[in-house]
Amino acid sequence: MNIAKSFDAKKIESKWYQFWNENKYFNSKPNDKTPYTIVIPPPNVTGILHMGHMLNNTIQDILIRKARLQGFNACWVPGTDHASIATEAKVVEKLKNDGIEKKDISRDEFLNYAWDWTEKHGGLILEQLKKLGCSCDWDRTKFTLDKEMSDSVIKVFVDLYEKGLIYRGYRMVNWDPQAKTTLSNEEVIYEEQETKIFYIKYKIYNSSKTITVATTRPETIFGDTAIAINPDDDRYLHLKGKKAIIPILNKEIPIITDQNVDSEFGTGCLKVTPAHSENDKIIGDKHQLEIIDVLNDDGTLNKFTLHYNGKDRFLARKEISIELKEIGSLLKEENYLTKIGKSERTKCVIEPKLSDQWFLKMEKISKPALKAVIDDNIKLYPKKFKNTYKNWMENIRDWNISRQLWWGHQIPVYYYGSDKMDFVVAEDIDKAIIKARIKSGNFNLDKDKLIQETDVLDTWFSSWLWPISVFDGINNPDNKDFNYYYPTNDLITGPDILFFWVARMIVSGYEFKKSKPFSSVYFTGLVRDKKGRKMSKQLGNSPDALKLIEDFGADSVRVGLLFSAPAGNDLLFDESLCQQGKNFSNKIWNSYRLVKSWNIKNSNYQNPSSIAAIKWFENRLSSKLIEIDDHFKKYRISDALMTIYKLIWDDYCSWYLEIVKPDFGTPMDFKTYDKTLQFLEKCLTILHPFMPFISEEIWSGIKNEEDKPLIIKNWPKNNKVDYSYLKEFEHISKLITNIRKYRNQKGISYKEKIELFSQNTKLKSELKSIVLKLANSDIVEEVFQINQNAESLIVDSKEYFINNLLDQKSDLKKIKEDLDYNIGFLRSIQSKLNNKKFIENAPDSIIKNEKKKELDTIIKIKILEQKLKK
RNA sequence: GGGCGCUUAGCUCAGUUGGUUCAGAGCACUUGGUUUACACCCAAGGGGUCGGGGGUUCGAAUCCCUCAGCGCCCACCA
């Protein structure tokens, strides 16, 4: 035989990928077939493949390949996301290493660098997906900064503004002092952290009294504009209306009362710093307090902070606490556990900051999106996310869509005057100037006088359009592609971007297209290491995705990932599961070797055992196809794979092939051979979505020249299943196992034939020949009398006897135990049947079954008792 | 603080409306096995009071209450 003894993935993977790609099997164009569409969750353009991507894209590829086999027009749209903050941060750092500061160069210069960077590193991740076998339609690859994608974003912004849904607001936002941009609430992660809380004494003006506040942020005292107490707090009421003096700064501020102050917390007195706390801002607005921002954009203190001007906020905190102590204003400091908000990207501590930002009103436009999920118009898997989604959507807040960055879609707002409201919103400067002339009444207004808003849009403001914009559905609402592919079918993504992305896509689908963007969302779990820890660069516990493919082969890695990812749970990734995948590859490979090794004879004669095996496997395959289909419907992809795994390994290899396999040196009849190949072909077809490479490789070794490649073959159809035949086969398979066990226990080798006798069975002769083949046992039925010394095997309440020449005393204990168990079992069944209430309440089918159980058990007990007597 | 979910074999998990002989799967483990598909293998086997307690029911892993532990989401007090 010239087929290698074990399967070598490396040799064939790139060959097949190239073959599929060059023959355009991944490509899709609208036609008269039903489309099946997935849009990829676009990875960061400069990102590299990690385990999460691998899992996610493996599942997408499985769904796409299966749909393709099932005759759908399968279209998987790939692409990348510009990822403003992440990419800009990388470029800023790169420039810094080259000795260039962002602040020293112009926007255009910076963007040139950023595009260079993107072109150099961009799309690498897509190349990595090819290694994994992903069958995306690469001709449709999109990037969120492509011209038509950008046009969509701008168009949508203008549209929403004109609908009155976008507004500019001076609001408290999350400020990232490192990236020098705002973040949405979703981009801030709270971490528990030990800090200090400081008790600071403020003198009362014209009095010897003092008032003490508790604060974690003494550096903001320069921004204090009041001290507030609860109006019901008797301890301090006498101070109401008096003035307190800020230490160090020696400035007088009023003492006011406000319901928002919690008397229980700290001292019950709150220093009000409207510029640096959301809560304080609310109090400040109510009492018309001045707003004093004491921080620069980079997190250093500003000119309002005397000798702390220019110092970093954390350093200043330390130094101020020392100075307060020296001047006797620091009463005490305590350790304090609190949650600190940090930037998801830069890990920098977030600063609440008041600034002008652009917001999208969410309440109204999110209503249809909420309803769609509640009504199961869009289904979320696993189901638990439906509640999470509902909870968020019902409490949705306006979306801050502006970012103080350069890398992204520049907001299409054009300012023409010095007043805050002197701006227009338009797709481009030519449209803007017309609008500006009208709005200003100055028809001589020059284009050069227009200044575009410097902020860019939040990255998610482009990706929320993804399922629409990849088909150009915004710019060309009636184009053929869009009408054909939208709404898409399934979305596969991680639960961490449920709000960032999934919810907003649903909102945009209904807002701009009056329909859902996809029918189902499947959330994969997060990939963790086998100890349950999140994979991260710091821990160094994240395996190199490409190295895994190198080591095990893409098919095996795909299988390994799925084996560790049961239905949407977090998955504990362990490399040994890839080994399991590799073992599976090898198993299939060797079944192929076996089949190819046979000599075929041109004879009509088929062994009866082969005929039986064929009939059994046909039914078995059909029943498994039904199961697999059910698993797919429920998005239980791992379970579907496990079913196929067992079908191939156990049913096809261990049972079917072992039965039909000719003895060494004897040829195989062509009828059985043909069937065997057909079965292998069907197994390969259903395996193909999971293990595309090996399945295609083996298929190429058994197919006829005119046959299509596996990737575009037809998914097998299940026939009507003859369950009674499956049951009969199950009986003999149990019998075979029993005989093998008997051999094991007695130390009888397979070569020594065992003769079985029975009185109460009537097996089909072809099934008996299977027992002969696999267990080397003849079955003699309708025996008149059984030898006194015979030993019995009981299978499904049928009894088989073996003339035992060996001592059988050792088995007495086992028979006794078995008898005791069955007597107890019978007792429990009979007590049920004697229970009047049971008979009255239980459905007939249950009662019938209990009676059958009773009868079966009685027979078993009789057999066992006879055995004991002997 | 508000909401959601989880706890079943050594590990990772299935277990549909309570009822087929329901206590399961894969891996791991134990024992035996190398005559030509595969030791990346074959055959057989041993593992669980279904987190604790209580209740409903003829019947509970499944429904209800309660306690304990774990996890996620949202909000957040200086």
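Reading the values: the criteria
- Residues numbered from 1 in each chain as written.
- Chains lettered and ligands numbered in written order.
- Predicted model: local features only at pLDDT ≥ 70, side-chain atom pairs only at ≥ 80, totals over all residues.
- Heavy atoms only, no water.
- Helix = DSSP H or I, 4+ residues; strand = E, 2+ residues; numbered from the N terminus.
- Buried < 20%, exposed > 50% of the residue type's maximum accessible area, 1.4 Å probe, protein only.
- Contact = heavy atoms within 4.5 Å.
- 1 Å grid on protein atoms, 1.4 Å probe; cavity = no way out; pocket = protein on both sides within 12 Å on 5 of 7 lines; lining within 4 Å.
- Points joined across faces, edges and corners; volume = space filled by probe spheres on them.
- Patch = residues over 30% accessible without salt bridge, like charges linked within 9 Å, V, L, I, M, F, W, Y side chains within 5 Å.
- Areas by Shrake-Rupley, 256 points an atom, 1.4 Å probe, with all protein chains shown as cover.
- Salt bridge = Lys/Arg side-chain N within 4 Å of Asp/Glu carboxyl O.
- Lys, Arg positive; Asp, Glu negative; His and termini not counted.
- Charge placed at Lys NZ, Arg CZ, Asp CG, Glu CD.

Chemist: Sorry, what's going on with the environment of Thr-685 here?
Modeler: Note that Thr-685 resides in helix H21 (residues 670–687). For Thr-685, a relative accessible area of 2% gives the class buried. It is 29 Å that separates the C-alpha atoms of Thr-685 and Glu-766, two residues lying 81 residues apart in sequence. If near-sequence neighbours (up to four positions away) are discounted, Thr-685 is found in contact with Leu-69, Leu-710, Lys-713, Asn-714, Trp-715 and Pro-716.

Chemist: Please explain empty space enclosed by the protein as it appears in this structure.
Modeler: Empty pockets left among the atoms are what a rolling probe the size of a water molecule brings to light. Counted by the stated rule, this structure contains two cavities of 30 Å³ or more. Lining the largest cavity, in full, are Trp-175, Pro-177, His-276, Asp-293, Leu-295, Asn-296, Asp-297, Gly-299, Glu-351, Pro-352 and Lys-353. It is strand E14 (residues 351–360) that contributes the most residues to the lining of the largest cavity, three residues altogether.

Chemist: How should a positive patch on the surface be read in this particular structure?
Modeler: A contiguous patch of positive charge on the surface is contributed by Lys-90, Arg-345, Lys-347 and Lys-534. Among the structural elements, Lys-90 can be located in helix H3 (residues 84–97).

Chemist: What is the right way to look at the pattern of salt bridges in this model?
Modeler: Pairs can form between side chains of opposite charge once their charged atoms are near each other. By the definition in use, this model includes 50 salt bridges. Between Arg-65 and Asp-61 there is a salt bridge; the shortest N-O distance is 2.8 Å. Within this pair, Arg-65 and its partner Asp-61 are both found in helix H2 (residues 51–69), separated by four residues, close to a single helical turn. According to the relative accessible area criterion, Arg-65 is buried, its value standing at 0%. For Asp-297, the salt bridge is made with Lys-353, and the minimal N-O distance between the two is 3.0 Å. On the criterion of sequence distance, the pair formed by Asp-297 in the loop between helix H7 (278–286) and helix H8 (313–326) and Lys-353 in strand E14 is long-range, its members being 56 residues apart. Residue classification places Asp-297 among the partly exposed residues on the basis of a relative accessible area of 38%. Several salt bridges share partner residues, and in doing so they unite Arg-217, Glu-219, Arg-313, Arg-317 and Glu-351 into one network.

Chemist: In this structure, what is going on with the side chain of Glu-351? I would like to understand it.
Modeler: Its place among the elements puts Glu-351 in strand E14. With near-sequence residues (within four places) excluded, Glu-351 lies in contact with Val-173, Asn-174, Trp-175, Pro-177, Arg-217, His-276, Leu-295 and Arg-313.

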